[in-house]
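# A closer look at the structure
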Amino acid sequence: MSKLWQKSTTINQRVEDFTVGRDREFDLQMAAFDIIGSLAHTRMLQSIGLMSADDLQLVQKELKEIYKEVESGRFAIAAEVEDVHSQVEMLLTQRIGDAGKKIHSGRSRNDQVLVDLKLFFRNELQQVVRETKKLFRLLIELSEKHKDVLLPGYTHLQVAMPSSFGLWFGAYAESLVDDLEMVLAAYKITNKNPLGSAAGYGSSFPLNRSLTTELLGFDSLNYNVVYAQMGRGKTERVIAQALSSIAATLAKMAMDQSLYLSQNFAFVSYPDALTTGSSIMPHKKNPDVWEIMRGKCNRLQALPNDVAMMTTNLPSGYHRELQLLKELLFPAFSDLKDCLQMAAFMLQNITVNADILNDPKYAYLFSVDEVNRLVLGGVPFRDAYKQVGLSIEKGEFKPDKKVNHTHEGSIGNLGNQQIVSAMDLMLKSFNFEKVDEAINKLIS
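Residues numbered from 1 in each chain as written. Predicted model: local features only at pLDDT ≥ 70, side-chain atom pairs only at ≥ 80, totals over all residues. Heavy atoms only, no water.

### Quick look at the overall build of the chain
When its secondary structure is counted, the chain shows 15 helices and 6 strands. For 444 residues, the compact-globule estimate of 2.2 N^0.38 gives 22 Å, and the chain exceeds it by more than 25% at 28 Å. Referenced to the eigenvectors of the C-alpha coordinate spread, the extents of the chain come out at roughly 90 × 50 × 40 Å. For the chain, the proportion of contacts with a sequence separation of at least 24, taken over those separated by at least 6, is 78%. (Helix = DSSP H or I, 4+ residues; strand = E, 2+ residues; numbered from the N terminus. Rg over C-alpha atoms; globule rule 2.2 N^0.38 Å. Contact = heavy atoms within 4.5 Å.)

### Focus: the side chain of Ser-163
Following the sequence through the fold, Ser-163 ends up in strand 2 (residues 158–164). Non-local contacts of Ser-163, meaning those with residues more than four positions away in its chain, are made with Leu-150, Leu-151, Pro-152, Gly-153 and Ile-411.

### Observations concerning the packing of helix 6 (residues 165–190) against helix 8 (residues 225–261)
Closest axis-to-axis distance for the helix 6/helix 8 pair is 7 Å, and the angle between their directions is 165 degrees. When the interaxial angle is binned, helix 6 and helix 8 end up roughly antiparallel. Taken as a pair, helix 6 and helix 8 cross one another with a handedness that is left-handed. Grouping the constituent residues of the contact of helix 6 with helix 8 by class yields 15 nonpolar, 7 polar and 3 charged. (Axes fitted to C-alpha atoms, helices over the stretch in contact; angles between N-to-C directions. Parallel < 35°, antiparallel > 145°, perpendicular 65-115°, else oblique. Left-handed = near helix turned anticlockwise from the far one by under 90°. Nonpolar A, V, L, I, M, F, W, Y, C, P; charged D, E, K, R; others polar.)

### Details of helix 13 (residues 381–393)
Taking 1.5 Å of rise per residue, the 13 residues of helix 13 would be expected to cover 18 Å, and the 18 Å separating its terminal C-alpha atoms lies within 8% of that figure. Those residues of helix 13 lying buried are Ala-384, Val-388 and Ser-391. The buried residues of helix 13 occupy one face: seen down the axis, they fall within an arc of 60 degrees. Looking at helix 13, the residues exposed on the side facing more than 90 degrees away from the buried face are Lys-386 and Glu-393. Elements that come into contact with the buried residues of helix 13 comprise helix 12 (367–376). Looking one or two residues beyond helix 13, the residue adopting positive phi is Gly-395, at roughly 75 degrees. (Expected span 1.5 Å × (residues − 1). Buried < 20%, exposed > 50% of the residue type's maximum accessible area, 1.4 Å probe, protein only. Arc of directions from axis to C-beta.)

### Focus: the pairing of strand 1 (residues 150–155)
Bridge count for strand 1 against strand 2 is 5 bridges, and the pairing is antiparallel. Bridge pairing in strand 2 places Leu-150 opposite Ser-164. Hairpin connection from strand 1 to strand 2: 2 residues lie between these consecutive antiparallel strands, with His-156 at a positive phi of about 55 degrees. (Pairing = 2+ DSSP bridges.)

### Describing unusual backbone geometry
For Ala-198, which is not a glycine, the phi torsion comes out positive at approximately 55 degrees. Relative to the helices and strands, Ala-198 resides in the loop between strand 3 (192–193) and helix 7 (209–215).

### Quick word on the environment of Pro-194
The residue Pro-194 is located in the loop between strand 3 and helix 7 in this model. Judged by relative accessible area, Pro-194 falls into the buried class, the value being 0%. Expressed as a C-alpha distance, the spacing of Pro-194 and Val-81, which sit 113 residues apart in the sequence, is 25 Å. Residues within four places of Pro-194 in sequence aside, it is in contact with Asp-111, Leu-114, Val-115, Lys-118, Arg-209, Asn-222 and Ala-228.

### What about the nonpolar core?
Ranked by internal contacts, the top residues of the largest apolar core, which has 117 residues, are Leu-243 and Leu-347. The dominant element in this core, judged by the number of residues it contributes, is helix 5 (residues 109–145), at 15 residues. Not counting residues within four places of it along the chain, the set of residues in contact with Leu-243 comprises Leu-125, Val-128, Leu-303, Leu-329, Ala-332, Phe-333 and Leu-336. In terms of nonpolar packing, the next biggest core, distinct from the first, is built from 5 residues, Leu-374, Ala-384, Val-388 and Phe-397 among them. (Core = buried A, V, L, I, M, F, W, Y, C linked by side-chain atoms within 4.5 Å.)

### Description of the environment of Glu-89
Following the sequence through the fold, Glu-89 ends up in helix 4 (residues 84–96). Considered as a pair, Glu-89 and Lys-285 are 196 residues apart in the sequence and their alpha carbons are 54 Å apart.

### Notes on the packing of aromatic side chains
All chains considered together, the criterion is met by 22 aromatic pairs. On the basis of an interplanar angle of 55 degrees and a centroid distance of 4.9 Å, the ring pair of Tyr-260 and Phe-267 is categorised as tilted. The burial state of Tyr-260 is the same as that of Phe-267; both residues are buried. An aromatic cluster is defined as three or more aromatic residues linked by ring pairs; in this entry it consists of Tyr-154, Phe-165, Trp-168, Phe-169, Tyr-172, Tyr-260, Phe-265, Phe-267 and Tyr-362. If you follow Arg-122 out to its NZ or CZ, it ends over the ring of Phe-218, 4.8 Å from the centre. The lysine or arginine in question, Arg-382, covers the ring of Tyr-385, its NZ or CZ lying 5.1 Å from the ring centre. (Phe/Tyr/Trp six-rings, centres within 6.5 Å; stacked < 30°, edge-to-face > 60°. Lys NZ or Arg CZ within 6 Å of the ring centre and 35° of its normal.)

### Let's talk about the environment of Ser-197
Structurally, Ser-197 is set in the loop between strand 3 and helix 7. Residues Ser-197 and Asn-110, 87 residues apart in the sequence, show an inter-C-alpha distance of 8.3 Å. Beyond its immediate chain neighbours, meaning those up to four positions away, Ser-197 contacts Asp-111, Leu-114, Gly-202, Arg-209, Val-225, Ala-228 and Gln-229. Side-chain polar atoms of Ser-197 contact the backbone oxygen of Pro-194, separated by 2.8 Å. (Polar contact = N/O pair within 3.5 Å; in protein donor to acceptor, adjacent residues only side chain to side chain.)

Any functional reading would require information beyond the geometric quantities listed.
Structural data, given as structure tokens:
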């Protein structure tokens, strides 16, 4: 089969294999979004007189049939077909004739890919937000459930001051709120319409780009057509930063859990079915899930640099290596969603140790609280510090293990309600309902 860009000569097979690479594999994930983009584009073509009402009806009906094939898993890109755009256009032409040949008017494969990617990324970010929300709600629930269970806080990996599971779970919940600030920025940059920029220099057709923006549920346009093409790579870079932010939170959580499950800490435990053993040491309960998560999330934190190395110093305009960004971003979304889901699954089955501080090695956790008690009784802080320090050196320190932390965000005043309010406000900022409504109208 000839390519969309092919005129007469046959492309060398080795060149085709090298340049196409894994594109067909990743294009399958974009198939539904390619059809959605074409549903909007063809309605716009009819509105400006480039497609008749009869042709539009044929095209729309068949595009929706192909969309159903994609959703049911019956859609495939033939081996001789270069990409998803070619496959959809070929199917249309085979099924409805010349009307199928008209859908590319006013469009380049460049802006077609761009809008497919924007729609795909937008959808993936929406899924990431929803999985993050689920994990957040669970962390808040666990924070409240275990708010009175103390555990040691560490600095420099040395026993430091009293903490609590309420603080630990709540800390990661609040971290996810800040992570979604990054995701919101990525979503806003993604949610702009590049369709109509063609090869990056616009079109002599009187395209109605505002119409396709509305039909596709975008917040606004990428107005300048050159910048629309320059957004390829930039969008991926910002998204990579957002994904890496969530990954950093999960990686730290995974490291904590790996430590807390070890015999030297024994702060938490999990059912045997959620840990793994050793082929030689029968006592082992290894935190393999958390370790794999830590590795995946550490790899995700390299994603912004990977994208930057692919795009740094490229001049404006399209360049073929930009297609390789799919190989970085598409698996990244999948890995991050898996990690969010597995973190929630594991934490649903966690058991916390309510008696951690009975161990004598944690007696010095309360030294600062004792200093503060002396200060509240009128002793100058520096004198109180020396007094407690000397009692520790002489082995005479007898801790009072009652904690009286009442300020905002401390053991006795977690601030979870405020953290939940911050998350709720953040989630509203995405306004997913607008997008869902627009897409449902196109495909129904």
